[in-house]
Amino acid sequence: MNVAERIQELKAQRNAVILAHNYQPPEVQDIADFVGDSLGLSQQAASTDADVIIFCGVDFMAESAKVLSPTKKVILPEPDAMCPMSAMCTDLELAMVKEKYPEAAIVAYVNTSAAVKALSDVCCTSSNAVKVVGKMPQEQIIFVPDRNLGAYVQRFHPNKQILLWPGFCPTHDNITVDDINTLKRQHPQAKVMVHPECTAEVIDIADHVSSTEGMIKYVRSSEAQEFIVGTELDMTYRLSKEAPGKKFIPVPEAICPNMKRTTISSVIKALESLSPEITLSPEMIEAARRPLERMIEIGRGD
Ligand code: 13P
Ligand code: SF4
């Protein structure tokens, strides 16, 4: 029996579904039932009828899946797959800021712990952050934890006062204007797509800014044949599958090491042992669910 057959067998025995983020290594994307962006994965987690969710991604994504599907077993095959940006905002820090700005709404990017979500009014992903902030009646918004995404959202809502948290994604924040311009010189016909976790300077020179799933839509609707991909490297694998024939040029240094922890053998082990399991208290699930469900109701924005 080959590896793919073994995974199919275990999935059937466990009634499991495998969800994988667009930044997962190609071989993990290939064995997943659903590959997508943070919003798509949350939607899948909320609607699955599987008993077990194997989450190939990072900690906050698996936690969100548990919050949205509390009766399911949610397994993160590599427990050390943690998002460093999510760790840049703790619930204690946020509680102090919340006290200082009692009139403000708290909008939490999904890249946060369940404890931070529990203190928030609503969650968002890079797909719908602009739309979510626009729906908030409050003029003042505490946006956590990504300062780059928050500053990008501010461009669309000049009448709001967005208080930026000093968090950032090391993978995206390290992409420079020089990196993009070098690739543009090598591929003068290519369109530049970047993720809103990039810096304002990088966003300013892009032809298109969106979530990873938004990039797929853009590529499909564009006449262009070549695209510089200003996000995590393995997004180019997903893009090549969705738009075969088009050429995708990655920023070679844009690697998220935590997304690369998951391997085929860790997925098989997870299916065999049904561990390591995500556990959250019922109170935490209840408190974090409201802002996540509010986000899912608002839906996609790009
Ligand atoms: P999206 O896939 O939602 O665009 O998010 C990117 C990301 O960095 C997730 O950690
Ligand atoms: Fe976190 Fe950045 Fe990795 Fe996404 S790419 S999981 S934001 S470190």
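Above this text you will find the structure in question.
Summarised in this report is the structure supplied together with it. All figures in this text were calculated on a predicted structure; none of them were measured in a lab.

By size, the foremost hydrophobic cluster in this structure holds 84 residues, and its most contacted members are Val 107, Phe 143 and Leu 239. Looking at this core, the element that brings in the most residues is helix α4 (residues 59–68), giving six residues. Setting aside residues no more than four positions away along its own chain, Val 107 makes contact with Val 122, Cys 124, Val 132, Val 133, Met 136, Ile 141, Ile 142, Phe 143 and Val 144. Membership of the second largest hydrophobic core comes to 19 residues, among which are Val 28, Ala 32, Val 267 and Leu 271.

Along strand β5 (residues 105–109), five of the five residues are buried, which leaves the element largely enclosed by surrounding structure. Burial along β5 is two-sided: Ala 105, Val 107 and Tyr 109 and Ile 106 and Ala 108, pointing in opposite directions, are all buried. Taken together, the four bridges between β5 and strand β7 (residues 140–144) define a ladder with parallel strand orientation. In the strand pairing of β7, Ala 105 is matched with Ile 141. Bridge count between β5 and strand β6 (residues 122–124): three bridges; the pairing is parallel. Bridging from a neighbouring strand, Val 107 pairs with Val 122 of β6.

With that settled, consider the site of ligand 2. Neighbouring ligand 2 are Tyr 23, Val 58, Cys 83, Pro 84, Met 85, Asn 111, Cys 169, His 172, Glu 197, Cys 256 and Met 259. Residues of the shell around ligand 2, tallied by class, amount to eight nonpolar, two polar and one charged.

Right, let's get into the site of ligand 1. The full set of residues close to ligand 1 is His 21, Tyr 23, Asp 37, Ser 38, Phe 60, Met 61, Asn 111, Ser 126, His 195, Glu 197, Ser 211 and Thr 212. His 21 is positioned such that a nitrogen or oxygen atom in its side chain is 2.7 Å from an oxygen atom of ligand 1. A distance of 2.9 Å separates an oxygen atom of ligand 1 from a polar side-chain atom of Ser 38. For ligand 1, the protein covers 96% of the area, taking 300 Å² as the surface of the free molecule. Grouping the constituent residues of the shell around ligand 1 by class yields three nonpolar, seven polar and two charged.

Turning next to the pairing of strand β9 (residues 191–194). With four bridges joining them, β9 and strand β11 (residues 226–230) adopt parallel strand pairing. Residue pairing in the sheet places Met 193 in a bridge with Val 229 of β11. When β9 meets strand β10 (residues 208–209), the two strands line up parallel, connected through two bridges. If you follow Val 194 over to β10, its bridge partner there is Val 209.

Throughout the structure, instances matching the rule amount to 16 salt bridges. One salt bridge connects Glu 9 with Arg 6, and the closest N-O pair in it is separated by 2.6 Å. Taken together, the positions of Glu 9 and Arg 6, both in helix α1 (residues 3–14) and three residues apart, correspond to about one turn of that helix. Classification of Arg 6 by relative accessible area gives partly exposed; the value is 26%. A salt bridge links Lys 260 to Asp 234; its shortest N-O distance comes to 3.1 Å. Note that Lys 260 is positioned in the loop between β12 (247–250) and α14 (264–273) and Asp 234 in the loop between β11 and α13 (235–242), a separation of 26 residues in sequence. Residue Asp 234 is classed as buried on the basis of its relative accessible area, which comes to 11%. Bridged by salt links that share partners, the residues Glu 213, Arg 220, Arg 238 and Glu 242 form one connected network.

Parameters at a glance
Residues numbered from 1 in each chain as written. Chains lettered and ligands numbered in written order. Predicted model: local features only at pLDDT ≥ 70, side-chain atom pairs only at ≥ 80, totals over all residues. Heavy atoms only, no water. Core = buried A, V, L, I, M, F, W, Y, C linked by side-chain atoms within 4.5 Å. Buried < 20%, exposed > 50% of the residue type's maximum accessible area, 1.4 Å probe, protein only. Helix = DSSP H or I, 4+ residues; strand = E, 2+ residues; numbered from the N terminus. Contact = heavy atoms within 4.5 Å. Pairing = 2+ DSSP bridges. Near = heavy atom within 4 Å. Nonpolar A, V, L, I, M, F, W, Y, C, P; charged D, E, K, R; others polar. Polar contact = N/O pair within 3.5 Å; in protein donor to acceptor, adjacent residues only side chain to side chain. Areas by Shrake-Rupley, 256 points an atom, 1.4 Å probe, with all protein chains shown as cover. Salt bridge = Lys/Arg side-chain N within 4 Å of Asp/Glu carboxyl O.

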